[in-house]
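Working through the structure, step by step
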Amino acid sequence: MALLSILCFPDPRLHKLAKPVADVDARVRRLVADMLETMYAAKGIGLAATQVDVHERVIVIDVSDERDQPQVFINPQLVWTSEQTHLNEEGCLSVPGIYDGVQRFDAVTVKALDVDGGERVVEATDLLSVCLQHEMDHLLGKVFVEYLSPLKRSRIKKKMLKAQREDAS
Ligand code: NI
């Protein structure tokens, strides 16, 4: 396994559209293993392949307290959303240190392949529901800060670019 580097907003590669995985083969299983290692090392609860510059529809999530329940969603499809939504306070490994509210469905049903290529249907509520919505946005090239006002977004962009310059020097 290997740690992958995580792209940071406003990197334009975060806006690429991910392609469906054609075959859940050894290459994809290695990607999943590396993404899980990277997510745990970064203390995140979810990671989309887009964030590690692989533009394929792969998500890993672990919302358990003990960090021992990895979940894999390959080619995820949203098949149902609740009518009810709520404002959820979100952060993202690609936008470190920034947290803000995003309107999300309370519950969603997602159909996906697991790491063995078998189909799974997950009825998600609470944290898993919002995490799935957040990660599926990444696969569409969307970062959560894009839901915020243009003013907030441009402040975040400036802050991120400044932090990246300081890291580089
Ligand atoms: Ni994110």
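Note: the structure precedes this text.
None of the values given here were measured: they were computed from a predicted structure. (Residues numbered from 1 in each chain as written. Predicted model: local features only at pLDDT ≥ 70, side-chain atom pairs only at ≥ 80, totals over all residues. Heavy atoms only, no water.)

Focus: the environment of L128
Operational definition: A run of DSSP states H or I qualifies as a helix once it reaches four residues; a run of E qualifies as a strand once it reaches two. Both are numbered from the N-terminal end. By the convention used here, residues are in contact when the closest approach between their heavy atoms is within 4.5 Å.
Take L128: it is sitting in helix α2 (residues 126–139). If we skip the residues at most four places from it in the chain, L128 touches I61, V63, Q71 and V122.

Notes on the pairing of strand β6 (residues 108–113)
The side chains of a regular strand alternate between the sheet's two faces. Keep this limit in mind: We call two strands paired when DSSP finds no fewer than two bridges between them.
When strand β3 (residues 71–81) meets β6, the two strands line up antiparallel, connected through five bridges. Residue pairing across strands places W80 opposite T109, the latter belonging to β6. As judged from the six bridges shared by β6 and strand β7 (residues 119–124), these two strands associate in the antiparallel manner. Looking at β7, one finds that A112 is bridged to R120. With antiparallel pairing between neighbouring strands as the criterion, β6 and β7 make up a hairpin whose turn holds five residues, including G117 at a positive phi of roughly 85°.

Quick look at the pairing of strand β2 (residues 58–61)
Applicable threshold: When accessible area is computed with a 1.4 Å probe and restricted to protein chains, residues below 20% of their type maximum are described as buried, those above 50% as exposed, and intermediate ones as partly exposed.
Judged by which residues are buried, β2 turns out to be covered on both faces: V58 and V60 on one side and I59 and I61 on the other are all buried. Where strand β1 (residues 46–48) and β2 come together, three bridges link them in antiparallel fashion. Bridge pairing in β2 links A48 to I59. Pairing of β2 with β3, which is carried by four bridges, proceeds in the antiparallel orientation. From the neighbouring strand, I59 faces β3, where its bridge partner is F73.

Notes on helix α1 (residues 26–41)
So the rule is basically this: Here, expected helix span is obtained from the residue count minus one, scaled by 1.5 Å.
In this model, α1 (16 residues) spans 22 Å end to end at C-alpha, consistent with the 22 Å of a helix rising 1.5 Å per residue. Among the residues making up α1, those that are buried are V28, L31, V32, D34, M35, L36, T38 and M39. In this structure, the buried side of α1 is in contact with β1, β2 and β3. Residue K43 follows α1 closely and has a positive phi angle near 60°.

Some details on the environment of P76
Locating P76 in the fold gives a position in strand β3. Since its relative accessible area comes to 1%, P76 is described here as buried. For the pair formed by P76 and D114, sequence separation is 38 residues and the distance between their alpha carbons is 9.6 Å. Apart from residues no more than four positions distant in its own chain, P76 is found in contact with R57, I59, V110, K111, A112, M136 and L139.

A few points about the pattern of salt bridges
Counted only if it meets this: Here, a salt bridge means any side-chain nitrogen of Lys or Arg that lies within 4 Å of a carboxyl oxygen of Asp or Glu.
All chains considered together, the criterion is met by seven salt bridges. Between R13 and D11 there is a salt bridge; the shortest N-O distance is 2.7 Å. Exposure remark for R13: the relative accessible area of 34% places this residue in the partly exposed category. R104 is paired through a salt bridge with D137; the nearest N and O atoms lie 2.9 Å apart. Taken together, the residues span a long stretch of sequence, with R104 in strand β5 (residues 100–105) and D137 in helix α2 at a distance of 33 residues. The two residues R104 and D137 agree in class, both being buried. The structure contains a network of salt bridges with shared partners spanning D11, R13 and D53.

Here we look at the sheet that holds β6
Let me state the cut-off plainly: Angles here are taken between N-to-C directions and fall from 0 to 180 degrees, while the axes themselves are lines fitted to C-alpha atoms, restricted in helices to the stretch in contact.
In space, the five strands of this open sheet follow the order β1-β2-β3-β6-β7, with antiparallel pairing throughout. Looking at the sheet topology across the chains shown, the edges are occupied by β1 and β7. Ignoring which end each strand starts from, the neighbouring axes of this sheet average 40° apart. Here α2 sits on the sheet and contacts β1, β2, β3, β6 and β7; the angle it forms with β2, its principal contact strand, is near 150°.

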